[in-house]
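In case you want the letters, here they are:
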Amino acid sequence: MNSPSRPVAYLCLALSMALVGSYVALSKPLAALFPVLLLAWLRFGIGAVAMARWLRKTPDEAPLNRRTKRLLFLESFFGNFLFTLCMVTGVSLTSAVTAGVTMAAIPVAVAVLSWLILREQIARRTWAAVALAVAGIALYAVAKPQDASADQPYAWLGQLLLLAAVLCEAVYAVIGKQLTATLSPKRISAIINLWGFALSTPFGLYLAWQFDFGGVSLPMWTLLLFYALAACVWTVWLWMTGLRAVPAAQAGIFTVMLPISTALVGMLVLGEHISQLQLLALGVALLGVLVATWPVKPRKQPVNHTL
């Protein structure tokens, strides 16, 4: 299995997190219409149909051993099932802007878990990039105006759920790095989505029996289709492809694209307010991505003039 070049891997990681941020924001109107567990079941079901052909083992892949099967389950449980429940419910109780601010903690969580679990040696430049990403979003949090979450009686619970989603996303990044060493991005995407569908099916069937699907408009069905394909297919495949060539801690920097995308979609699509100071804060966060990905010239080896 060939790994992509560094620039292509960076692009895949950035696009993946930008898509995650967009569907985090767009899940708010969906969560207002569908029960969260029914929404998760529909999402995984659409993804299962879209990725059915990706379940096949490629000729260069080894058979799944017990450890790989366990990692695939944990990847789906934390990165798909729990993340979806915590994120969608958290956004429904707060706002897309609040979710964007909270998700800025992901780069730090990924870097720490990569150091603790994968034993990755994290370069100073990566820590500097993490600091810039967090500083930018911290400034964003300080500058944020009164948003929709101020009027939510359970905003505190939504905030806790969003923090839980941060931890789930960090676990997802670290386990994903281990899986990409033996499995193709497509097969990882298909298998963990199938686990998500299996985990949500009992709740989904129960809720679907009582839900009035006839009341769902065509625009909302279209939004659901985009949400499912983005969440289950595109973002996972892009992330796993990028992870094949980039250490998990460095890849974690790109999760800053998640809060940036969430905030921008909240402003442009959902009508949430964003100030000039907040735009400056997002620019500082993006500077962290630039620092993490700026090419480093290889050190010149000293020339030995002895004969």
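Our subject in this report is the structure included herewith. (Residues numbered from 1 in each chain as written. Predicted model: local features only at pLDDT ≥ 70, side-chain atom pairs only at ≥ 80, totals over all residues. Heavy atoms only, no water.)

**Notes on the side chain of Ser261**
So, step 1. Residue placement: Ser261 occurs in helix α11 (residues 257-268).
So, step 2. At 2.6 Å, the side chain of Ser261 forms a polar contact with the backbone oxygen of Ala18.
So, step 3. A polar side-chain atom of Ser261 sits 3.2 Å from the main-chain amide nitrogen of Ser22. (Helix = DSSP H or I, 4+ residues; strand = E, 2+ residues; numbered from the N terminus. Polar contact = N/O pair within 3.5 Å; in protein donor to acceptor, adjacent residues only side chain to side chain.)

**Notes on the nonpolar core**
So, step 1. One finds Tyr23, Phe34, Met87, Met103, Tyr227 and Trp239 to be the most contacted residues of the largest nonpolar core, which totals 65 residues.
So, step 2. If you list the elements that add at least two residues to this core, you get α1 (6-33), α2 (36-50), α3 (66-93), α5 (106-118), α7 (155-179), α8 (185-210), α9 (218-243) and α11.
So, step 3. Residues contacting Tyr23, with those up to four places away along its chain left out, are Arg43, Phe83, Met87, Tyr227, Ala230, Ala231 and Thr235.
So, step 4. Judged by nonpolar contacts, the second largest core, of 7 residues, contains Ala40, Met51, Leu229 and Cys232. (Core = buried A, V, L, I, M, F, W, Y, C linked by side-chain atoms within 4.5 Å. Buried < 20%, exposed > 50% of the residue type's maximum accessible area, 1.4 Å probe, protein only. Contact = heavy atoms within 4.5 Å.)

**As for α1**
So, step 1. Here α1 spans 41 Å end to end across 28 residues, near enough to the 40 Å set by a 1.5 Å rise per residue.
So, step 2. Of all the bends in α1, the largest measures some 35 degrees and sits at Ser27, one to four residues before the proline Pro29. (Expected span 1.5 Å × (residues − 1). Bend = angle between axes of the 7 residues up to and from the residue.)

**Here we look at a nonpolar patch on the surface**
So, step 1. Nonpolar side chains collect at one region of the surface, where Val108, Val112, Trp115, Leu116, Ile117 and Trp127 lie side by side and expose about 540 Å² of accessible area between them.
So, step 2. If you trace the backbone, Leu116 turns up in helix α5. (Patch = residues over 30% accessible without salt bridge, like charges linked within 9 Å, V, L, I, M, F, W, Y side chains within 5 Å. Areas by Shrake-Rupley, 256 points an atom, 1.4 Å probe, with all protein chains shown as cover. Salt bridge = Lys/Arg side-chain N within 4 Å of Asp/Glu carboxyl O.)

**Side note on the side chain of Arg244**
So, step 1. Mapped onto the fold, Arg244 is located in the loop between α9 and α10 (248-253).
So, step 2. Within the structure, Arg244 has its side chain in polar contact with the backbone oxygen of Leu183 (distance 3.3 Å).

**A few points about the environment of Leu132**
So, step 1. Positionally, Leu132 belongs in helix α6 (residues 124-143).
So, step 2. Its relative accessible area of 24% is what places Leu132 among the partly exposed residues.
So, step 3. Between the C-alpha atoms of Leu132 and Ile253, which are 121 residues apart in sequence, the distance is 9.7 Å.

Geometric descriptors of this kind do not, in isolation, establish any biological role.
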